[in-house]
Number of protein chains: 2
Amino acid sequence: MRDSDVRVEAEVFAVARRGKEAARTLATAPSSLKDAALQALADALVASSEEIVVANAQDIARERAAGMSEGLLDRLALSPERITAIAEALRDVAALPDPVGDVVLGRTLPNGLVLRQVRVPMGVVGMIYEARPNVTVDAAGLALKSGNAVILRGGAAAACSNEAIVRVLRKALVAQGLPADLIQTVDPWGRPGGIALMRARGLVDVLIPRGGAGLIQTVVTESLVPVIETGVGNCHIYVDASADLNKALDIVMNAKTQRVGVCNALETLLVSTAIAEDFLPRVLLALADAGVTLHGDQFTQDAAPAGITVISATDDDWATEYLAPELAIGVVDTLDEAIEHIRQYSSGHTEAILTSDLAASERFTAEVDAAAVLVNASTRFTDGGEFGLGAEIGISTQKLHARGPMGLDALTTTKWVVIGQGNVRT
Amino acid sequence: MRDSDVRVEAEVFAVARRGKEAARTLATAPSSLKDAALQALADALVASSEEIVVANAQDIARERAAGMSEGLLDRLALSPERITAIAEALRDVAALPDPVGDVVLGRTLPNGLVLRQVRVPMGVVGMIYEARPNVTVDAAGLALKSGNAVILRGGAAAACSNEAIVRVLRKALVAQGLPADLIQTVDPWGRPGGIALMRARGLVDVLIPRGGAGLIQTVVTESLVPVIETGVGNCHIYVDASADLNKALDIVMNAKTQRVGVCNALETLLVSTAIAEDFLPRVLLALADAGVTLHGDQFTQDAAPAGITVISATDDDWATEYLAPELAIGVVDTLDEAIEHIRQYSSGHTEAILTSDLAASERFTAEVDAAAVLVNASTRFTDGGEFGLGAEIGISTQKLHARGPMGLDALTTTKWVVIGQGNVRT
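Just so it is clear, the model here is predicted, and its values are computed rather than measured.

Undergrad: Explain the relation of the copies chain B and chain A to me, please; I cannot follow it from the model alone.
TA: Mapping one chain copy onto the other needs a rotation about an axis and a shift along that axis. The transformation that overlays chain B on chain A combines an axial shift of 0.0 Å with a rotation of 180°, and the residual RMSD is 0.0 Å. The two molecules are tied by a two-fold rotation axis, judged by turn and shift. Measuring from the rotation axis to each C-alpha of chain B, the shortest distance belongs to B:His401, at 1.8 Å. Of the residues that chain B buries at the interface, 100% are likewise interface residues in chain A, meaning the two copies contact each other through the same surface.

Undergrad: Please clarify how the sheet that holds strand β16 (residues 412-423) of chain B should be interpreted in this entry.
TA: Strands belonging to one sheet form pairs held by backbone hydrogen bonds; the direction of such a pair is parallel or antiparallel. One open sheet holds the ten strands; their spatial order is β10(A)-β9(A)-β11(A)-β8(A)-β7(A)-β12(A)-β13(A)-β16(B)-β2(B)-β1(B), and the pairing between them is mixed. For this open sheet the edge positions go to β10 (310-312) of chain A together with β1 (103-108) of chain B, each flanked by a neighbour on one side alone. Between one strand and the next, the sheet's axes are offset by a mean angle of 25°, whatever the strand orientation. As judged from the five bridges shared by strand β7 (residues 235-239) of chain A and strand β8 (residues 266-272) of chain A, these two strands associate in the parallel manner. Bridging from a neighbouring strand, A:His236 pairs with A:Thr268 of β8(A). Taken strand by strand, helix α11 (residues 273-289) of chain A contacts β7, β8, β9 (293-296), β10 and β11 (326-332) of chain A, and its axis lies near 145° from that of β8(A).

Undergrad: Quick question: what am I supposed to make of the packing of aromatic side chains here?
TA: The relative placement of two aromatic rings is captured by the distance of their centres and the angle of their planes. Scanning the model with the defined rule gives two aromatic pairs over all chains in all. Between the aromatic rings of A:Phe387 and B:Trp416, the centroid separation amounts to 5.0 Å while the plane-to-plane angle is 50°, which identifies the pairing as tilted. Taken together, the positions of A:Phe387 in the loop between β13 (372-377) and β14 (394-396) and B:Trp416 in strand β16 put the pair across two chains. Residue A:Phe387 shares its accessibility class with B:Trp416, and that shared class is buried.

Undergrad: Mind showing me how you'd approach the pairing of strand β2 (residues 114-121) of chain A here?
TA: For a regular strand, side-chain orientation follows a simple rule: the groups alternate between the two sheet faces. Residue and element names in this part refer to chain A. Counting buried residues in β2 gives six out of eight residues, a clear majority hidden from the surface. Strand direction decides the pairing type here: strand β1 (residues 103-108) and β2, joined by five bridges, are antiparallel. Bridging from a neighbouring strand, Gly106 pairs with Arg116 of β2. Hairpin connection of β1 to β2: five residues between the antiparallel strands, including Gly112 at a positive phi of 95°. Pairing of β2 with strand β16 (residues 412-423), which is carried by eight bridges, proceeds in the antiparallel orientation.

Undergrad: Would you take a moment to explain the interface of chain B and chain A for this structure?
TA: One frequently used descriptor of interface size is the decrease in accessible area upon assembly of the parts. Residue-level contacts link 72 residues of chain B with 72 residues of chain A. Surface buried jointly by chain B and chain A totals about 6000 Å² across both partners, of which 52% is contributed by carbon and sulfur atoms. The largest contributions to the chain B side of the interface with chain A come from B:Leu400, B:Trp416 and B:Arg425, which together make up 15% of the buried area. Counting across the chain B and chain A interface gives twelve salt bridges. Between B:Asp383 and A:Arg425 there is a salt bridge whose closest N-O contact spans 4.0 Å. In terms of residues, the side of chain B that touches chain A owes the most to one element, β16(B), which gives eleven residues. Grouping the constituent residues of the side of chain B that touches chain A by class yields 32 nonpolar, 22 polar and 18 charged.

Undergrad: Hey, could you run me through the pattern of salt bridges in this one?
TA: Where charged atoms from two side chains of opposite charge come close, those side chains can pair. Evaluated as defined, the whole model comprises 60 salt bridges over all chains. A salt bridge links A:Asp409 to A:Arg119, with the shortest nitrogen-to-oxygen separation between them at 3.9 Å. Of the two residues, A:Asp409 sits in the loop between β15 (404-406) and β16 while A:Arg119 sits in strand β2, which places them 290 residues apart along the sequence. By relative accessible area, A:Asp409 is classed as partly exposed at 40%. Salt-bridge contacts for A:Arg201 lead to B:Glu229; the nearest nitrogen and oxygen are separated by 2.5 Å. One end of the pair, A:Arg201, is in the loop between α8 (190-198) and β6 (206-210); the other, B:Glu229, is in the loop between α9 (213-222) and β7 (235-239), on a second chain. Residue classification places A:Arg201 among the partly exposed residues on the basis of a relative accessible area of 26%. A relative accessible area of 16% means that B:Glu229 is categorised as buried.

Undergrad: How should I be thinking about the packing of helix α6 (residues 134-145) of chain A against helix α7 (residues 159-175) of chain A in this particular structure?
TA: Helix packing for two helices is described by the angle between their axes and how far apart those axes are. Residue and element names in this part refer to chain A. Running from N to C, α6 and α7 cross one another at 30°; their axes reach a closest spacing of 10 Å. When the axis of α6 is compared with that of α7, the two are roughly parallel. Viewed along their axes, α6 and α7 form a crossing whose handedness is right-handed. For the pair formed by α6 and α7, the contact residues are Thr136, Val137, Ala140 and Leu144 on the first element and Asn162, Ile165, Val166, Leu169 and Leu173 on the second. Per-class residue counts for the contact of α6 with α7 are seven nonpolar, two polar and no charged.

Procedures and definitions
Residues numbered from 1 in each chain as written. Chains lettered and ligands numbered in written order. Predicted model: local features only at pLDDT ≥ 70, side-chain atom pairs only at ≥ 80, totals over all residues. Heavy atoms only, no water. Least-squares fit on C-alpha atoms with pLDDT ≥ 70 in both. Contact = heavy atoms within 4.5 Å. Pairing = 2+ DSSP bridges. Helix = DSSP H or I, 4+ residues; strand = E, 2+ residues; numbered from the N terminus. Axes fitted to C-alpha atoms, helices over the stretch in contact; angles between N-to-C directions. Phe/Tyr/Trp six-rings, centres within 6.5 Å; stacked < 30°, edge-to-face > 60°. Buried < 20%, exposed > 50% of the residue type's maximum accessible area, 1.4 Å probe, protein only. Buried area = accessible area lost by both parts, 1.4 Å probe. Salt bridge = Lys/Arg side-chain N within 4 Å of Asp/Glu carboxyl O. Nonpolar A, V, L, I, M, F, W, Y, C, P; charged D, E, K, R; others polar. Parallel < 35°, antiparallel > 145°, perpendicular 65-115°, else oblique. Left-handed = near helix turned anticlockwise from the far one by under 90°.

Shown next, in the form of structure tokens:
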């Protein structure tokens, strides 16, 4: 490492140590105290709207000059109304049940030992994310509610916004008698700060990357801190021979077009040969009408109604998470072929079958290996809010610790508490 | 990477792919099939005792010539009786409840979606471990029961034993109509094979290192595959002012001397000033009688009865997991001081307080951050068998996924299964 990197690492490790120290005060805090703090953070954000909007304007001006697209600029932009909405989300988190203290398992052992497995905070949660400044508030709120300190590494594009938000939140913590270091950022150290955060094993308990595939891959491969991989969703829908085709049309359109830039949007449609000649023309027409660019296999191209363009699908198309109004479409002879295709290209996020056949439904849900497997429903339902988790820190596509939408529980661990009466092992 | 390492990596990745393929047959297998296979593996081990003992004798002869200690040679040695005991452990695993298919959470959402979070196998479990050949069988048995394929990397010292055991187990799988590749080893590729296993992200779902601190640190820092860190236990007992000193003496002796080479053995004893003059002479005498080498602070040295040697404890002593008849002893003025000392030196495995004071018990269990926190019981109880988990794949000292003794559940993940009636998101 270069000298400058060594210095950054020492400073970031000190940040992590302060976070661990601050988290101690929260580990045993009652829910009422944490909920009051969340309300205070929400109040402070609203009261400081002007200051935050001014800082945000600097980010917007710089990024616009640098050529950021209007779509991304819109995701970056903050207004008093948006800040109020972000603050409301904090109040929603305050209203959620506190996972800390839940007894996951409890029993009395034959030797009289009383055993409890109790949910406790992780300690220090690291968050590495891209442009959207609302993630700054969401992450801080969810960490606080679950009794953790948070260390943030936001994107350079939102640097001024995040700096202002973190300043406001820290001040509000202090006003509540809580340590400011429950919410810290390593943004002042730029990219080397993020790298140091990934190396802070033993000081940071878990690191959650949120953003594009590149960011997530970097964190997953570079981090010494345990990581929860999130995000990439190359989601499939398989329309089985027995599917209700009217419902199937609605579901496919919803999954592909309701919101295109999200990880639970549809990216590949597989259609059973048995209904392909009936279903494909209808669905291709509806998709084209909605402005979706179509990539298809030979069968699909042949089935396209006059005037509808279907580009020949390449192997890349099957593997791509478009995050755009674009869809790959293929025809399969059997359920086995559909499962095999999904097995080859799935990112393990969300896979769906549309069918009226019980055996097909059972086989698909049992054999497809993904965080969420849906029957007769849009892939867009894979979401913490929709699943009733109340809040979402991300969607895990790994199998360790958490899989699928992650609520507050994912930011906790457990501790075994054992009460004896002088017991020794024989 | 060198050309030879590239070749090894390609071969080990092919092993992992075969494991993933084999695991598919098990993912949806009923418990009865897996349990019958476990019984068949046990039968095969007993029937092949002679062949395994012959292979083991080669390991023993080589390691004895290389100067391995008699203690370690004893842990490496297999006899027909030991093989029968190892086979019995497989039958015990067969008798455990199958975690696969458990519904962790189930609810019907307001929109009619029926949501279930179901326990499913991880897929491919990697195990990197040192000399004891019984781990080969334990790991294979626990992986099979939980529906996973296992890839083993054993220690060079047990190479012939492990090779013979794996050969016997694979043959028994085939005789049961199951794929041999449910149990594979990368030992033929030696150390580069182990390294390749750590790089098989996406092919291996979790890697569990079991062995000394050096092995575990290597895996934790080198692996791209998600790791569950196990093992290091720098365990403390704090004898509070209000403790029953007769029970305390029994517990300390049990925790330190019942078995010294294990991760839940006592390594540091902290004694409240209030009872130190009464308790220390008794416990020091008993420990010295039991052949325990004593390291103590000034107070402890001064309190030692005539003829009992207490070496001056260094900072290293407080940090060391002796895994030997050796103990560090210190005196603290308050519960806070005890918690502070533990906070500084704990490896997060097992910490205990001996007390009759409710507030002290509550504070200790709430504030000490470890996998297991015990009151009035020996640290030796932190164990999957003792906790009633039925079997143990290791003791996790990390917070992600599993913490403390890990049973079959730790080798599973969950899948969200969602059944709709044509639902779309609005």
